[in-house]
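Below are the chains, spelled out letter by letter.
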Amino acid sequence: MEYGTNYQQYHLKDILFLFLDAFIDDFDSKDVLDNLHRMLSKKEIDRIVKSRDSEESTYRLFWTLITKGEKTIKAFVEDVLNQKDQPNYEFLMAAIKEEHQRPNEKTRLYIEQRDRLYNDNQVFSKYNVNRLKPYLKLTEALLNLRPAQNVLVDGILGSGKDWLALDVCSSYKVQCKMDFKIFWLDMKNCISPETVLEMLQTLLHQIDPNCSSRSEHASNIKMRIHSVQAELRRLLKSKPYENCLLVLRNVQNEKAWSAFNLSCKILLTTRFKRVADFLSPATTTRISLDEHSMTPTSDEVESLFLKYLQCQPQDLPSEVFTTNPRRLSIIAESIRDGLATWDNWKHVNCDKLTSIIEGSLNVLEPSSYRKMFDRLSIFPPSAHIPIDLLSLVFFDDKSDGDDAMVVVNKLHNYSLVEKQPKYSTISIPDIYSELSVKVDDVAGLNRRIVDRYDIHRAFDHDDLILPSLDRYFYSHIGHHLKTIEPIERVALFRKVFLDFRFLEQKIRHDTTAWNARGSILKTLQQLKFYKSYICGMYTQINYKQRNLAFTLTIIRSDNDSKYERLVNAILDFLPKIEENIIRSEFTDLLRIALMAEDEAISEEAYRQVQRFKDHVWFTEHGRFHQHRQIINLGNNEVRHAVYLNNDFCLMALASNQLLLTDVSLEAEDTYLLRDENDSSDILRMAVFNNQGHLITMHSNGSVKLWPLWPDCPGRRQSGGSKQRVRPQGSAQLRKLTRTRSYKQLVNSVVKRFIGSYTDQKITAFYLDEQPSVAADSKIQLHVAFSNGDVSILDWDEQDQRFKTSQTPTLKTAQMEIRSFVLVLRRYYVVCTANCILTVWDLNNGSGERPELPNFDVHNDRPLSLDAINGRNQNASVLLIFKHSVWRLNFLPGLNVNLQSEAVQLPMGSYITCGKRSADGDYLLLGTTEGLIVYDLRISSPVLRSNVSEHIECVDIYDLWDPVYKYIVLCGAKGKQLVHVHTLRSVSDANSRRGRGIAWVHSADETSVMTRARLEPNVYLRSLLDMTSGRTQLLAVDSKDLIHQIETDTDACRRSGISPWSTITPTHAASNTRITAISAMNDEQIFVGYMDGVIVDANLDAVLPQQFIADEPIDYLKQVSAQYLVASAHGAQKTVIFRLGSADNVLENDQWPVFLDLGSKYACLLGGQFIILFSDNGVCHLDLANPSAFDKPEDSVESLVGFDLKNGMLFLVYGNNTIEVLRIVFGGTQLRYKLICKEEIGQKAKVSYLAATEDGSMFSLGFDNGSIELYAMDNQQIQLVYRVQEVHDHCIRQLRFSPCKLLLISCAEQLCFWSVTHMRNNQVERHHQQRRSRRHKLHSATQEEDAVDAAPIAFDMDEDSPFEAREFFPERQPVAEVPLWRNKRGNAIRPELLACIKFVGNEARQFFTDAKFSQFYAIDDEGVYYHLQLLDFSRLHPPEPDLEELSDRSLENIASMPYEDLKDLRLIESPLPDDDECVGADVVGNL
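The shown structure was predicted, so the numbers you read here are calculated from the model rather than taken from an experiment.

**Regarding the pattern of salt bridges**
Evaluation of the coordinates by the stated rule reveals 66 salt bridges. Asp396 serves as the salt-bridge partner of Arg448, at 2.9 Å between the closest nitrogen and oxygen. Of this pair, Arg448 sits in helix H23 (residues 442-453) while Asp396 sits in the loop between helix H21 (387-394) and helix H22 (404-413), and the two are 52 residues apart along the sequence. A salt bridge links Asp614 to Arg1384; the nearest nitrogen and oxygen atoms lie 2.5 Å apart. Here Asp614, found in the loop between helix H32 (599-609) and strand S11 (618-620), pairs with Arg1384, found in the loop between helix H38 (1377-1380) and strand S68 (1392-1397); they are 770 residues apart in sequence, far enough to count as distant.

Here is the structure:
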C-alpha cells in the first residue's frame, strides 16, 4: 500500500528514526513484547528486554527493525502500534504515516545526507554493528558541542573509531543539530605542509564548490595555507555554516589538528596518544574506546559475525578471544572467504591484517624505533612490562646512556604501547600480537632479562623475603627462562619454581578473575606448563611456518623422576594451604611446608631451611593438617552457593552480585550477573533447565529469571569435580566477562495476566522440574504471594522464559507463606512464617491442618521444605526449622505421620540453612557452630566440620564416584571465602550399608587423632589445661570426654604407653557440658560443669558444696596440692576447697569457703595467701584465717588485665589505667604498695597483660589485635615498642619466655616476637610530666611460692635502673637461651620471628614445655597443635659468639649514665637458670 505519489522513493525505514525521541519519551517496548514475537527472534527480543532502561531498549528495537525488510517495519507501524488490548500508541503510528505520506523539508534533507554518507562508505553501510554505549556517549557529546570546541574519539588500531563516528553522524538528531552540514576529511596522509594545504582546499571546495582560492599563485606554501584558512574562517562564521560539524578522521599529529582549528565544531578521531594529550579538557570532550566498558559486548560481536557469515547464532563458536572490531571483521572475512575455519583461525596468517598493522608502524622513524618495537615481541602477550627492563631490550650498547623512557614515550604517542604510570609498566595492545616479526638473537635478549634479575643472588639471599623481585618476575620469569641454554635452564627452573618463598610471593601477587588478591591458579598452571623444564626433560622445538618443518629434541636426565614426584606433590599441596596464605599476610609457605605430612614436601622444605638457621622453624606433631580448599572472594562475603556440573560454582554475594566461576583449578571462566537497579538481598536461588537458568527471590518480593551462561553456546568441559581433590592437566586461563542482567521479572508475568497482585510480594516459590529424556520435558514455577495465593507458571522452551499456565490460582488465605513443596504431584505442603503447617489437595483445592502430635514449633522459624517423592504413593517432606528438623511421611491412603530427626545441635546453636544430597542419603545442615552431616538412612549425625564458623549457606553435590562421593560448599558469616570440602567413601561397620563417609580434609589414618579414636562427629573444644610438671595436656571434646595427651610422645613410644587416652566421668551421663578443667598432675584432675557440679575426674566423685547450683563453673584452678578454687563468674560466687580433708569439712565448718565475688584467676602466695583477681581488682584470702576475708569494694572500672611476677602486681583497668604494686608482708599481714600508676594513650581496650619473670617488662594485648611492650624504667612505665596490623583479632594470651628473648601472642594466629629487636628499636621517648608515684620498701627475708606465684621480695630497696639491669647479658644462661639466641624475622617484619595461622578463627590459650621449645594449643575449630622448635644445634655444634664482654667491660658499661647507654644495642638478655623462678603462667585472660 502506498500513502502518496509525490515521495514514493521514501520507505518507512527511512522515516522511522525521525521519531526516535518520541518513542524514547512515550513508548515502552515491554508493552508490545507479545506482538514482537511474531516478527523478531527470541534472541533479538531478549536483547531489547534486558536493556538498562527504556531509552536503551528503544534504540535496540529500532536498530533491530532497521535490519529487517520494509514489510516487517510496516507490520510494526500498522499492527504493533495499533493493538487494541495494550497501551494506546496510535498517536505514534499516525505521526509516522503522516510524515511518510508528506515528508517535510528536514526529512528530505536528512535522508539525502544519510544516503550520501552511506554511499561514500559502502563497507560501513553493509557491515556496521551499532555499539550502544559508545554510541550514546558520542551522541550526547555532539549534541552539547559548541563552535570552537572539540569531541575526540581515540583508541588503538582497529578499535572502531571511524565507524562509530559515521554511525552517530548519520543519526537524525545529530544531523539536525549540525543543520545537516557535516564535512568529512580523511587526515591519514596529512603529515606535511603540502598535504595540509591540499586538505584545506578540499574542505573549501566541499563548503563552496564555486570558491577559487586567491592563494593559488602564491609561491610561499605557508602563505597559501594562511590564505585558505582565512577564507574558511570567513565562510564558517557565516549564518549557513555556524552550526556545521567538521569531522577529521585519522588525525596523525597535533600540527594537523592545529591547521584545521577554524573555530567551528570539530569531531576528530585518532589512535595517537600525543594528539589526545595535546588537546585541553577545557575545550575537548574525550571518548576513549580503549576503556573496557567501551569494547563490543558479546551481543555486538555476535551481530558482527552474523552480518559477515550469514549463518545461525548456534553455528558460532563459544567465544572469541578478542574484542577488537577490526580484528573481528578480518576473522569473519577470512572464514567467509574460506581462508580459515573456526578451528584454525588463530593460526592462519592473514595478509590483510598484517598489511594494516604494518602500515600503522610506518610512523616509526628512524628505523631503529621499529627494531625496538619488534623486540617487545619477546615479552608475553598482554604482560605489564616494567620500564626498567626495556633498556636491556632496546639498546645493545649499554655505554651510550640511552633512555628507554624516550622510546616508550614515542611508542605511546603513536598508541603502540599503553603506559601504566602507577606501576611504571607498559603493555602492548593485543592487535599487535597478530604481527609475526623476526627478531635477531631472541635467546640473547631473554638472557638479558634473566641476568637482570640476578636469580642466584636473589635466591641465595639469607632472608625469607626475596629481594629486588617485582610483580613481573613472579608472573612471567618462566617465559624467559625457557629460552636459555638447556642445562642452566633446568637449574634455574628448579631454583625458582621449587623455592617455597617464590611460590608464596607468586600466590600473593596473583589475583583471581574477579580481582581478589591471592590466587593459586596461575601458580598451578605454570608449574604444570613448566614441569618438563623443572624435571630435566629438555625439549627443543624449531618450527618453520612456510614449509611446516619441525625439529624436536628431548633429553631426559637421570634424576627427573625425583623432581617429577616433587612437582606433583606441590601441585597437591598448594590447594590445601591456600586458605592459610590468603587469610594471613605473615604466614610463610616454607614454614607450612616444613610441617607438611607429605615427605616430599617436608624434605624439600627441610633442605631449604638449612640456609636460614637463624630463623624460627617448627615441626608439627598434632593435627595441624586440615586440607581445606577455598574459593577466595576478595572483599565479598557469600550468601548462597550452588555447585554446578563441570566444576562451576554459582554464588550470591553480599554485594548482591551473582558470581559464576570455574573452581576446577583448571581454568577461571568467570561471569558476573547483577541487576544494577535493585539493591535488595537475594533470599533464595535455584538452578534449572539443565543448569542453564537461574531463579532468584529477593527481599523486596521480586522473583527474577537469569540465563546463567553467555548467549553463545558451548562452555568448557573440565576434568571433573575430582579436580578439587587432585588437580591435574592444564587449560587456557580466561578472565572476567562483562556483567549481565536478568532476563525476566516473574512478578510482571503474573500481574500482567491476572491483574490482581499489584501490591502483593512473592514470598516463596517451588520449582517443579520433571525429569525426562524427551525434548519437551515440563518445567513449572509455583509462586506464593503474601496474601496466600499460589499461581503456576509454565516454562516456554522456545522463548526461554515463563508464561502463565491454564491452572487456576489456589487461594489458601494463609498469610506470609515461607516455604512450600509439591508432593506426589497432587499435594502442597505449606509452612507459614508462624510455623503453621497445612496440606492442600490440588485436585479439589481443599486444605487442612494435619494432626501432628508433639510437633511443637510455635516459637521456631521455618527455613526450608524438601520433598522426597518415593514409589507406590509414598513420599516424605523434610521440614527444616531454626531449632529442629522433622520428617513428614505420606503413606498410602492419604495418611501422614511425623518423626523428629535427632540432629543433636550443640548447646546454644541453631540451624541457619540445609541441603539434602541428590541421592537422598544425607542432609547437610549449616548451623551457628559449623556443619552437621546427618545420615537420613539411620537418622543420626555422622560428621561435623567448620565448628568455629557461623554458616551462612551450604550445598552438597553428588559426584557419582566410587571413592569421592560429594563436594560440599559452605560460606560463613564474616568470611570472604567459600570452603570447598570433599566427602569420600569409607568402610563403616556402624553404617547400615557397610559404607560411611569421611572428610577428605580431616587428619590422615596415621595421625594422633585417629589413634585417639575420636568419633567422626566429635571434635576437641578449646578447653584445656596442662599439669604443673608439663607432662600431660588435658582437653575436653564436644561430647564432654576428657582426653589425656602425653607431651613426651617419644618416651611413651619407648615405654609402650599410649600417648592419648580418655576419661569419662559418670556425671557426663547427665549430658551437662564441661565448662572448666584443672589438672595439677595426672592424679589430680578436676572438671566443672554447666550445672555447677565439680567432679574429681580420677576418683569420679563429686566435690560436695552447696553454694554454686545450676550455674556454670567459669573458672577452676588447683593452686596447690591442698587447695582448689572454683568460681561462677556470672553469679559472682567463688568456692575454695581444701582437698584431702574428710568430706572436705572441718569441725568448724569453714571448708569449703564461700566468697561472694567472681574470680577470674587465683594463685597461692607464700604458702599462706590465695591471691584472687576479680572485676573489682585484687584481693587475698589468708588460709590461716579464712573467715577474715574482706571483699574488695566495687570499682568503677573493671579489671581487664593482670599478672603477678617477682612480687609485683601488674593491673590494668577498663579505662586503660595501669597500676604496678609490690606485695609486702607486715607480720602476718599482706599489703600492696603502689609503685606507679599511669594511664596509657591507646584508644583500644586492653584484653590481656603479661609480665616477665623478673617484672622488669610487661606487655599489653588489645582487642584490636595490637600489642605494646613496656618496661619499668626507674619505677616508671616506659613504652618500648608497639606492634600493629599483624593480629586481626582480639589478643587472647601473651607470654614471655623466662630468658626474656621471646614474647608469644595468641589470637587468630600464634606469633613469636623478638624482644631483643623490640628493645633495640624502642619508640622515641617523649618528655612529659610524670604521673607515677614512688614508694620505698624495706628489705625482708624472701619466701617461696608454693605453686605458681613468683618469688616475693620483701622490703626491698628501690629497684636498680631498668637500663643497667636489662640491656646487657647476664652470665648465667637459662636452658632455653641457646634455642632463642640471635633468632630474627624477615626483612619486612624483623621483630616477628614466626607466625602460625590457626585453622579456626582463634585459639584462646596455649601451653609450653619447660624448655620453651614445644608449644601446644587447640583452636576453636578443634584442631590440636603440637609445635616443636627445630633445633639445628642438635645436628651441628653451636657457633662461638663473635664477641664476649669481659667483667671489666661490664663494670664500665654498668657505671655509664643512662643517656649514654640507652642507644647501645642489645645482644641478648638471659635470666638465671632457676626452676623456682616460674611465675603465674596464664593470667589476665577475659
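**Considering the sheet that holds strand S36 (residues 930-935)**
Within a beta sheet, neighbouring strands are joined by backbone hydrogen bonds and run either parallel or antiparallel to one another. Ordered in space as S34-S35-S36-S37, the four strands form an open sheet in which the pairing is antiparallel. The strands lining the two open edges of the sheet, one partner per strand, are strand S34 (911-916) and strand S37 (940-945). Sheet twist, expressed as the mean angle between neighbouring strand axes with direction ignored, is 25 degrees. Pairing of S34 with strand S35 (residues 922-927) involves five bridges; the strand directions are antiparallel.

**Considering the sheet that holds strand S58 (residues 1208-1213)**
Strand order across the open sheet formed by four strands is S57-S58-S59-S60, with antiparallel pairing between neighbours. What marks the edges here is a single partner per strand, and that holds for strand S57 (1199-1205) and strand S60 (1229-1239). Within this sheet the neighbouring strands show an average axis-to-axis angle of 20 degrees, counted without direction. Of the strand pairs in this sheet, S58 and strand S59 (residues 1217-1226) are connected by five bridges, and their pairing is antiparallel. By the bridge assignment, Leu1211 is partnered in S59 with Glu1219.

**Some remarks on the confidence of the model for the chain**
On average, residues of the chain score 83 in pLDDT, and 84% of them are at 70 or above. Under a pLDDT of 50 for its full length, residues 712-734 has, in the predicted model, 77 contacts with residues more than four places off or in other chains.

**A few points about the environment of Pro1104**
By the element assignment, Pro1104 lies in the loop between strand S49 (1101-1102) and strand S50 (1115-1118). Of the residues examined, Pro1104 reaches a relative accessible area of 48% and is grouped as partly exposed. Sequence separation between Pro1104 and Ile1094 is ten residues; the distance between their C-alpha atoms is 8.0 Å.

**Things to note about the pairing of strand S70 (residues 1414-1418)**
Of all five residues in S70, five are buried; the element is thus mostly enclosed. Neither face of S70 is exposed, since Gln1414, Tyr1416 and Ile1418 on one face and Phe1415 and Ala1417 on the opposite face are all buried. With five bridges joining them, S70 and strand S71 (residues 1424-1429) adopt antiparallel strand pairing. From the neighbouring strand, Tyr1416 faces S71, where its bridge partner is His1426. The hairpin formed by S70 and S71 contains five residues between the paired strands, and Gly1422 there has a positive phi angle of roughly 85 degrees.

**Examining unusual backbone geometry**
Omega for the bond connecting Glu365 with Pro366 falls within 30 degrees of zero, at 0 degrees, which places this linkage in the cis form. Of note, Pro366 is situated in the loop between helix H19 (351-360) and helix H20 (367-375). Not every positive phi belongs to a glycine, and Ala813 is a case in point at roughly 60 degrees. By the secondary structure assignment, Ala813 is in the loop between strand S25 (810-811) and strand S26 (817-823). Positive phi, normally seen in glycine, also occurs at Asn946, with a value near 50 degrees.

**A short note on the side chain of Ser334**
Residue placement: Ser334 occurs in helix H18 (residues 325-336). A relative accessible area of 9% places Ser334 in the buried class. Setting aside chain neighbours within four positions, we find Ser334 in contact with Leu339, Ala340 and Cys350.

**Let's talk about a negative patch on the surface**
A cluster of acidic residues, Glu597, Asp598, Glu599 and Glu603, forms a negative patch on the protein surface. With respect to the helices and strands, the residue Glu599 is situated in helix H32. Overall, Glu599 belongs to the exposed group, its relative accessible area being 57%.

Cut-offs applied
Residues numbered from 1 in each chain as written. Predicted model: local features only at pLDDT ≥ 70, side-chain atom pairs only at ≥ 80, totals over all residues. Heavy atoms only, no water. Salt bridge = Lys/Arg side-chain N within 4 Å of Asp/Glu carboxyl O. Helix = DSSP H or I, 4+ residues; strand = E, 2+ residues; numbered from the N terminus. Pairing = 2+ DSSP bridges. Axes fitted to C-alpha atoms, helices over the stretch in contact; angles between N-to-C directions. pLDDT = per-residue confidence, 0-100. Contact = heavy atoms within 4.5 Å. Buried < 20%, exposed > 50% of the residue type's maximum accessible area, 1.4 Å probe, protein only. Patch = residues over 30% accessible without salt bridge, like charges linked within 9 Å, V, L, I, M, F, W, Y side chains within 5 Å. Areas by Shrake-Rupley, 256 points an atom, 1.4 Å probe, with all protein chains shown as cover. Lys, Arg positive; Asp, Glu negative; His and termini not counted. Charge placed at Lys NZ, Arg CZ, Asp CG, Glu CD.

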